[in-house]
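Read off the chains here:
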Amino acid sequence: MSETLHIYTRVSTAVQADGTSLSSQAEAGEEYANRRGFEAKVWNEGGQSSAKEDLANRPVLQELLDEVKRGNVKHLYVWNTDRLSRNMETWGMIRLILIRNNVHLHTPTGEQILTDPQTNLMLGILSEFSQYDNQIRAERSRIGKLKRVKDGRWMGGPTPYGYMVDDQGKLAVNKEEAKWVKKIFSLYESGKSIDHIRTELMKNGVVTRRKNAVWSHGSINKLLSNTHFVGHYYFKDKKTDGRVRISCPTIISASTHKKVEKLMKSRSYKTGEGRTTSPVKKHEYLMTGLLRCGDCGSKMHGNHKETQTSYYMCSTKTNKYKTKGTHAHIECGAKKNVHISLADKVVWETVFGVVSQSFLFKEDFKNGVLSKKSKSKSDANMRAIQAKIKNTKSDLEKIRSSIINFQVERIAGLVDAKDVGDIIERLDKRAIECEAKIEDMEKELIEEKKDQKWIDWVGKYQGRLDELNSPNASIVDKREFLHGVLEKIEVLPLDSKRHQLKINFKKGLVGDGFKYRDPKNKKKGYILTEGQRILDAEAVLPSKKKID
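Residues numbered from 1 in each chain as written. Predicted model: local features only at pLDDT ≥ 70, side-chain atom pairs only at ≥ 80, totals over all residues. Heavy atoms only, no water.

K.L.:
I'm lost on the sheet that holds strand E1 (residues 4–11) in this one. Help?
P.N.:
Whether parallel or antiparallel, the strands of a sheet pair through hydrogen bonds between backbone atoms. Judged by pairing direction, the sheet is mixed, and its 5 strands sit side by side in the order E2-E1-E3-E4-E5 without closing on themselves. Since the sheet does not close on itself, it has two edges, and those belong to strand E2 (39–47) and strand E5 (110–112), each with one partner. On average, adjacent strands in this sheet sit at an angle of 25 degrees to one another, irrespective of strand direction. Its contacts with the sheet put helix H2 (residues 21–36) on E1, E2, strand E3 (75–78), strand E4 (104–107) and E5, and the angle it makes with E1 is roughly 165 degrees. Against the sheet, helix H3 (residues 59–69) contacts E1, E2 and E3, and its axis sits at roughly 145 degrees relative to E2. (Pairing = 2+ DSSP bridges. Helix = DSSP H or I, 4+ residues; strand = E, 2+ residues; numbered from the N terminus. Axes fitted to C-alpha atoms, helices over the stretch in contact; angles between N-to-C directions. Contact = heavy atoms within 4.5 Å.)

Structure representation (structure tokens):
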């Protein structure tokens, strides 16, 4: 029975694996086996690098060496010894295993007796050449990658989510992915949790760069902290430990990125200190802080349910197990909770109707606008803002100039690359802060200029009300408006289907009056009369007994 020649084949990259190199090695080994009277068995590693000291990335070779240790391999064929390894330490380990197990190594030039000192010397010299060749190729690859990076081209590998590589090899915005990058930043900035963002992405069928349907917390956190989106990233040269700053297209404004960065820090944990701020609320409610239980006078809060109806509930009822037995315990006899969406609708429509028809509110608004937005004050505000913008832009230019100077000195080898990398990173953070300040001030300046053009204060007043009453108005803006005109809202259950809402206004806006002092001579002015401060609104609101 003939012996088996074990033929090990490998190429350095997956690209080569698709060519003829693997098949050529196998064919040469099989021809060699036929000439020597061996049975042939091919061990195909495919495209794997041999530059690393360990064998973790080469499972086929590991399995082959295990067979060697078991005594099942006596003849091993390779196209060249560097197919086994170009690394001196790894090759020495492999050669020791082959010698201990009395394995004969075969190459196209013939059989190598590993126990022979001359053969060992020759294999050692060949291994040195292989390692030298590998180091030269690695250095060329490193220099080539560094040159591409300095030219602004992508370093290779998968691009960050939101980007793709253009025809020139540089990063370009992927419009579809960039849309979701902006959405993720917007959701996080508005107070949404990572879990909420994950759910939103899954509901819309947004997949990760690796085509995973479920985003991990780590992926979203990494995306939120990525500097690519504000126009730059860093490439670290492993040999010199230096870093190169590369510019790329922006997707997120500097101010948004800065706000999100602060939010991420505020929501993180510090060692030994716990959470730095209280947890962000998952849901916003229109009447938070306004509703009072008509039975015990305690505040009512929202209780959101994803799959069930959501209700406003008395805090005394929900906290009774925490407070029972203490001197502060309050008994509440209210048996019903209030349907959130229907209660919000009744209160908003009622309050909006009163305010939009109120003469007192309109007068207060008029006086506030005219006193606050006088021409001289507005001009002074704009000059001050413009001066701040100019000074901040000057600081930004100095920072950018410093970054360029440090990069030139690093490339020229005049300064330590690692130290300069840290300095450039700090300067970049400062630059982002300046950019964010400039954006905020420019927005403020635009608003100030708009205010100067609002000659008709009624137009501004009506426009603001229309904006608040539009479907696009946020709950936060509406709630702020309600807090401005209301003291509280008392909730009194009338029966199983009805609640009475006692709406308490800060001023007598309900049914207030307006009349001219002299209807025939309107120049003599007018008189405003105050109305009622409390308005009872009765509505049919589905109720639900609180489950104790």
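K.L.:
Explanation requested: the packing of aromatic side chains in the structure shown.
P.N.:
Within a pair of aromatic rings, the relevant descriptors are the distance that separates the centres and the angle that separates the planes. All chains considered together, the criterion is met by 10 aromatic pairs. Ring plane angle 65 degrees and centroid distance 5.7 Å describe the contact between Trp348 and Phe481, whose orientation is recorded as edge-to-face. Separated by 133 residues along the polypeptide, Trp348 in helix H12 (residues 340–357) and Phe481 in helix H17 (residues 475–485) bring together distant segments of the chain. In this structure Trp348 comes out as buried when scored by relative accessible area, which is 6%. The aromatic ring of Trp348 is capped on one face by Lys478, whose charged end is 4.9 Å from the ring centroid. (Phe/Tyr/Trp six-rings, centres within 6.5 Å; stacked < 30°, edge-to-face > 60°. Buried < 20%, exposed > 50% of the residue type's maximum accessible area, 1.4 Å probe, protein only. Lys NZ or Arg CZ within 6 Å of the ring centre and 35° of its normal.)

K.L.:
Even after reading the chapter, I still don't get helix H6 (residues 175–189), so can you show me in this structure?
P.N.:
In an α-helix, one turn spans 3.6 residues; hence positions three or four apart end up facing the same way. Here H6 contains 15 residues, and its C-alpha end-to-end distance of 21 Å stays within 8% of the 21 Å for a straight helix at 1.5 Å per residue. Of all the positions in H6, only Glu177, Ala178, Trp180, Val181, Ile184, Phe185, Leu187 and Tyr188 are classed as buried. Looking at the buried residues of H6, the elements they touch are strand E6 (163–165), strand E7 (171–173), helix H7 (194–203), helix H8 (217–224) and helix H9 (254–267). Gly191 sits one or two residues past H6 and shows a positive phi near 105 degrees. (Expected span 1.5 Å × (residues − 1).)

Shape is all these values report; function is a separate question.
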